[in-house]
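Remarks on the overall topology
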Amino acid sequence: MKRIFVQPDLCTACKTCEIQCAIEHSQAKNIFASPSEKPHPMNRVYVEAADGRKIPIFCRHCDEAPCVAACISGAMFRDPKTDAVMCDASRCIGCWTCVMVCPYGVVGRQLELGKAVKCDLCPERESPACVASCPTKALLYEEVEGFSKNKRREFASAVAGG
Amino acid sequence: MEYVIVGASAAGMAAAEAIRKRDPTAEIVMLSDEAHPPYYRPLIPYLIHQGKTGDEILREPRLTPAHLDLRLKARATGLDPAKHTLALTDGSTIAYDRLLLATGASPIRPNIEGLDGPGVFTLRTWEDALGIAKAAQGAKSAIILGAGRIGMKSAFALRHLGLSVTVVELLDRIVPQQLDAESAAIFAEAVAKAGIETILGHTIKQVNRRGKKVTSVTLDDGRELEADLIVVGVGVRANLDLAAEGGLQTGRGLIVDEHLLTSDPNIYAAGDVVETKDIVSGEPIVSGIWTNAAAMGQIAGDNMAGGNSTYAGAFSLLNAMELGGLPVISVGEVHRTTGADIEVFAERHGSNYRKLVFRGDRLIGLILVGQIERAGVYQTLIREKANVSTLRRELLGSRFHYGHYILLQPKKIDRYVMAG
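Another aspect to go through is the overall build of chain A. Looking only at helices and strands, one finds five helices and eight strands in chain A. Scored against the burial criterion, the 162 residues of chain A give a buried share of 48%. The contacts in chain A between residues at least 6 apart in sequence include a share of 60% that link residues at least 24 apart.

Tallying secondary structure elements over chain B gives twelve helices and 26 strands in all. The C-alpha atoms of chain B give a radius of gyration of 23 Å, which matches the 22 Å a tight globule of 420 residues would have. In terms of overall dimensions, chain B has C-alpha extents of about 65 × 60 × 40 Å along its principal axes.

We now examine the interface of chain A and chain B. Each partner contributes to the interface: chain A provides 36 residues, whereas chain B provides 42 residues. Every element with two or more residues in the side of chain A that touches chain B is listed here: β1 (2-6), β2 (46-50), β3 (53-57), α2 (66-70), α3 (97-101) and α5 (149-160) of chain A. Here the residues of the side of chain A that touches chain B are counted per class, giving 24 nonpolar, six polar and six charged.

This brings us to the sheet that holds strand β24 (residues 342-349) of chain B. Residue and element names in this part refer to chain B. Judged by pairing direction, the sheet is antiparallel, and its five strands sit side by side in the order β22-β23-β26-β25-β24 without closing on themselves. In the strand order of this sheet, the two ends are held by β22 (318-323) and β24, each with one partner. Averaged over all neighbouring strand pairs, the angle between strand axes comes to 10°, with direction disregarded. Of the strand pairs in this sheet, strand β23 (residues 326-332) and strand β26 (residues 362-369) are connected by five bridges, and their pairing is antiparallel. If you follow G332 over to β26, its bridge partner there is G365. Seen against the sheet, helix α6 (residues 181-193) touches β22, β23, β24, β25 (352-359) and β26 and runs at an angle of roughly 155° to β23.

Our focus in this paragraph is the sheet that holds strand β1 (residues 2-6) of chain B. Residues and elements named next belong to chain B. Across the sheet, which stays open at both edges, the five strands sit in the order β3-β2-β1-β7-β19 with parallel pairing between neighbours. The sheet is open, and its two borders are formed by β3 (68-71) and β19 (267-269), each paired with just one other strand. Neighbour-to-neighbour, the strand axes of the sheet open up by a mean angle of 20°, direction not taken into account.

Ranked by internal contacts, the top residues of the largest apolar core, which has 184 residues, are A15, L100, I230 and A270 of chain B. Excluding anything up to four places from it in sequence, L100 of chain B contacts I5, V6, G12, A15, Y268, A269, A270, A300 and M304 of chain B.

Another point: the pairing of strand β11 (residues 164-169) of chain B. Residue and element names in this part refer to chain B. Note: strand β10 (residues 141-145) against β11, five bridges, orientation parallel. Along β11, the bridge assignment pairs L145 with V168. With helix α5 (residues 149-160) bridging β10 and the parallel β11, this β-α-β connection has right-handed handedness. By the bridge criterion, five bridges tie β11 to strand β12 (residues 196-200) in an arrangement that is parallel. Pairing of V167 across the sheet is with T198, part of β12. The handedness of the β11 to β12 crossover, carried by α6, is right-handed.

Residue and element names in this part refer to chain A. Split by domain assignment, chain A resolves into domain 1 (1-58 + 121-162) and domain 2 (60-118). Between domain 1 and domain 2, the residue contacts involve twelve residues of the former and 13 residues of the latter. Counted by class, the side of domain 1 that touches domain 2 contains eight nonpolar, one polar and three charged residues.

Residues and elements named next belong to chain B. Taken domain by domain, chain B holds domain 1 (2-106 + 237-304), domain 2 (120-232) and domain 3 (325-417). Each of domain 1 and domain 2 has a C-alpha centre, and the two are 30 Å apart. Of the residues that constitute the side of domain 1 that touches domain 2, the class distribution is five nonpolar, three polar and one charged.

Looking now at the packing of helix α1 (residues 10-22) of chain B against helix α8 (residues 290-304) of chain B. Residue and element names in this part refer to chain B. Interhelical geometry of α1 versus α8 gives an angle of 30° and a closest axis separation of 7 Å. In terms of crossing hand, the pair formed by α1 and α8 is right-handed. Within the contact between the two elements, α1 uses A10, A11, G12, M13, A14, A15, A16, E17, A18, I19 and R22 and α8 uses W290, A293, A294, M296, G297, Q298, A300, G301, D302 and M304. Tallied by class, the residues present in the contact of α1 with α8 amount to 14 nonpolar, four polar and three charged.

Okay, helix α4 (residues 126-136) of chain B next. Residue and element names in this part refer to chain B. Every buried residue of α4 is accounted for by A129, I132, A135 and A136. Looking straight down α4, one finds its buried side chains confined to an arc of 125°; they lie on one side. Buried residues belonging to α4 abut α2 (45-48), β9 (120-121), α5 and β16 (229-232). Positive phi appears at G138, one or two residues downstream of α4, with a value of about 80°.

Summing up the model confidence of chain B, the mean pLDDT is 95 and the portion of residues at 70 or higher is 97%. Across the interface, the model reports ipTM at 0.95; the global pTM reads 0.95.

Conventions used here
- Residues numbered from 1 in each chain as written.
- Chains lettered and ligands numbered in written order.
- Predicted model: local features only at pLDDT ≥ 70, side-chain atom pairs only at ≥ 80, totals over all residues.
- Helix = DSSP H or I, 4+ residues; strand = E, 2+ residues; numbered from the N terminus.
- Buried ≥ 20, exposed ≤ 12 C-beta atoms within 10 Å, placed from the backbone.
- Contact = placed C-beta atoms within 7 Å.
- Rg over C-alpha atoms; globule rule 2.2 N^0.38 Å.
- Nonpolar A, V, L, I, M, F, W, Y, C, P; charged D, E, K, R; others polar.
- Pairing = 2+ DSSP bridges.
- Axes fitted to C-alpha atoms, helices over the stretch in contact; angles between N-to-C directions.
- Core = buried A, V, L, I, M, F, W, Y, C linked by C-beta atoms within 7 Å.
- Right-handed = clockwise from strand over helix to strand, strands pointing away.
- Domains from an automatic or database assignment.
- Left-handed = near helix turned anticlockwise from the far one by under 90°.
- Arc of directions from axis to C-beta.
- pLDDT = per-residue confidence, 0-100.

Below, the structure written as structure tokens:
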């Protein structure tokens, strides 16, 4: 099971991940053509700033995912193969219960379609578009098992410290 | 271990899933008194105007636990906690080791002259929705009693079918539980634009019929309004019959401890039937909200299968919806605007509205209309009773995000970086 790990201390808030995410989730998959598409391609990853620090904010594909538990239409589900939390747009009715319960605030709204949009870990790619395009390697796509606890702790203290 | 779950909606299903997770081979019997396979109850308004077919509201197989022994049209009317048995209306009995009562709630039928009889509906089940759809055929006008969620969803569905629709609400605004005066005013515009009429501050005194057929209603001020059908949406009451039959302790709902265990050590309860405590105020509450029911089911199921999960309580409000193309999210105590330490921040720009209610250093209530992005982060602050004194400025702006939260919750950073 692979997941996206973030190293906030390496993030420069260039927002390349946001742009590449939106392009990957477009029809043309092309930075020149995608922006004029309807419906408008949307990013599902976010880079925010707080207290002078840059913080990439990503879906964690939670073990006990509140969006899956709360979805009133069966749109949110866990992919049995990748364990990723996915939104089946054909079932989504745009009630926004998922927006209300996501503790990370990473379920977006595609207003033209009235559907929820969220990170799907780019199922057609080996590595998600955000990770592949990150110029500073602030984002990593790693097996959860192999990603050592020490390494994670390092990142954690980098965010917390200073 | 034999598990029996009474009820096949949000709480029952979440419990079955939690049991299955801990115990892959356990026998799980689920009883539903309905004829249809488990479905998403909040979607039944779509059946009225055929916005969705029956198949489209059925519970997704991928979200249904494996090897569930589901029994439809199975209504339990007897409960013997000493013998660990349920008695069904068909004369059979079912034995359990662990029982979950997720019997839900039923619509309240107010005491109004002429209300009983054909042409008057409540909306709680698939069959109710089909009944309304059938009555709407050839009908010209509908009266909805109660401007709550069910009332308004019914109103929009019937309006969609071309009926002239009037909503009668005793309180001074629509969706009164979920909206305050300001946000209700925003939605009133959307409702009027959809061609739905609303009469506030009044109720129905009498339903008038010609023979059996509904012809009109008389309001409490004497006004008479034509109606071919009436939908009543004035709230629900917990289904406590089975619990009472088993001698379990009940109040307004079935009383449980923090593990969702009833007064019997082998019987748990979850969902709309439960009386628990309000997560914000600590006061007793019978919730009736899907999201609360799903959360309770998960915890009850886990505990039934040997877990030790505790339930922190239900939100009095935890509702998201879109009405007339406008989204709204309401969480917690949105109506508490006076009292010690209470501070209210409210701001409206066109059809965007933000209201935050603080008590001391805590956020206790939230209404977002229009721009509802990242509402879940606010919801988490309310749920966790977080001290937000240093976040006040960020919270009041519309760009509050998880990054603000995480820097003030150092313990959470580890979990975040560790990928959930």
